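# Examining the three-dimensional arrangement
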Amino acid sequence: ELSLQKADLVDGERLSAFVKAPFAGRAVVAVMGERLYRTVDIDLPDAGAKVDLLVDREWGPGAYLMVTAFRPDDGSPSLLPSRAMGLAWFSIDRTRHEVSVAIEAPETALPRSQVTLPLRIAGAAGRELKLTFAAVDEGILSLTRFQTPDPRAYYDGQRRLGVEVRGLYGYLIRGAEGQLGQLRSGGDAALADLDNTAGPRLRTVKSVALYRRDVVVGTDGRTEVSLDLPDFNGRLRLMAVAYGATVVGMGEAALVVRDPLVADV
């Protein structure tokens, strides 16, 4: 059992965690990501123990805390394990590098007209920011299940653990009666993303994919984007990505474009 008091931390803050194993013994506490950053050995009583570490920005945008607990073999048969492991991830300085974008879009707009969309970036006061803005037909995006770009997840999200754990302690554990475990795989969940369950929609008008780049954001965190809407009836997904020297952010909204009366021959 490994639980973190906080999963979002900043440089210089203390990482507090609680560790409890099915037995009393010793434990190795390790901080790792792409490589091993730090290790600490602690005593682990039956009631568990508390771990306190000072967070270092050199650990990257996030790191893993892994605890390996082990106990000696007392010579008598036991169903309790001789080794236990716990793993938890935490972020570092995420709030300092992220902003949020709010698109103040109306519910509907008329085709063949110009619409001005105000944008508000929270946490951008006093920063020099720019953003890209896209308005794309939702029908196109549904064909490939396109997800709105999120640079926050790319830069500050959880990354795959890049460390392998190797040790000889497993050879010292007395094997109990039973069969070796077998790895099994199957199912068609992975194939669900390959087909288009929604299906293409019949269109009698041109599809829309509008894009603006390098839109300057004011020092008050506000800006606006003007779009010339073509002859189109449908829903547009509005996607904004903000970026600066040390921060990134995103936002999305929906805009329905339609005539008061739509006639099809």
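The preceding data block contains the structure.
Residues numbered from 1 in each chain as written. Predicted model: local features only at pLDDT ≥ 70, side-chain atom pairs only at ≥ 80, totals over all residues. Heavy atoms only, no water.

### Examining the sheet that holds strand 8 (residues 83-92)
Spatial ordering of the open sheet is given by 2-8-7-4-5, a layout of five strands whose pairing is mixed. Bordering the open sheet on either side are strand 2 (8-9) and strand 5 (36-44), each of which pairs with just one other strand. (Pairing = 2+ DSSP bridges. Helix = DSSP H or I, 4+ residues; strand = E, 2+ residues; numbered from the N terminus.)

### Digging into the sheet that holds strand 3 (residues 14-19)
Within the open sheet, the three strands sit side by side as 1-3-6. Their pairing is antiparallel. Each having just a single partner strand, strand 1 (2-4) and strand 6 (49-54) make up the two edges of the open sheet. Recorded for the sheet is a direction-independent mean angle of 25° between the axes of neighbouring strands. Note: strand 3 against strand 6, six bridges, orientation antiparallel. Within strand 6, the residue paired with valine 19 across the bridge is alanine 49. (Axes fitted to C-alpha atoms, helices over the stretch in contact; angles between N-to-C directions.)

### Let's talk about the pattern of salt bridges
Per the counting criterion, the structure on display carries 14 salt bridges. Two residues, aspartate 8 and arginine 94, come together in a salt bridge whose shortest N-O distance is 3.9 Å. Of this pair, aspartate 8 sits in strand 2 while arginine 94 is found in the loop between strand 8 and strand 9 (98-103), placing the two residues 86 residues apart along the sequence. Among the residues examined, aspartate 8 registers a relative accessible area of 40% and is labelled partly exposed. Notably, a salt bridge pairs glutamate 104 with arginine 120, separated by 3.5 Å at the nearest N-O pair. Of the two residues, glutamate 104 is situated in the loop between strand 9 and strand 10 (108-109) and arginine 120 in strand 11 (residues 114-122); the sequence distance between them amounts to 16 residues. Under the relative-accessibility criterion, glutamate 104 is labelled partly exposed at 34%. A cluster of three or more residues bridged by salt bridges with shared partners is formed by Asp8, Arg94 and Glu98. (Salt bridge = Lys/Arg side-chain N within 4 Å of Asp/Glu carboxyl O. Buried < 20%, exposed > 50% of the residue type's maximum accessible area, 1.4 Å probe, protein only.)

### Remarks on the nonpolar core
One finds Phe133, Leu227 and Leu238 to be the most contacted residues of the largest nonpolar core, which totals 29 residues. Sorting the residues of this core by element identifies strand 9, strand 11, strand 12 (129-137), strand 13 (209-217), strand 14 (222-228), strand 15 (234-243) and strand 16 (248-257) as the ones contributing at least two each. The contact partners of phenylalanine 133, leaving out residues within four places of it in the chain, are Ile103, Leu117, Leu119, Leu210, Tyr211, Arg212, Val225, Leu227, Leu238, Met239 and Ala240. Of all hydrophobic cores here, the second largest spans 25 residues; its members include Ala21, Ile42, Leu53 and Val67. (Core = buried A, V, L, I, M, F, W, Y, C linked by side-chain atoms within 4.5 Å. Contact = heavy atoms within 4.5 Å.)

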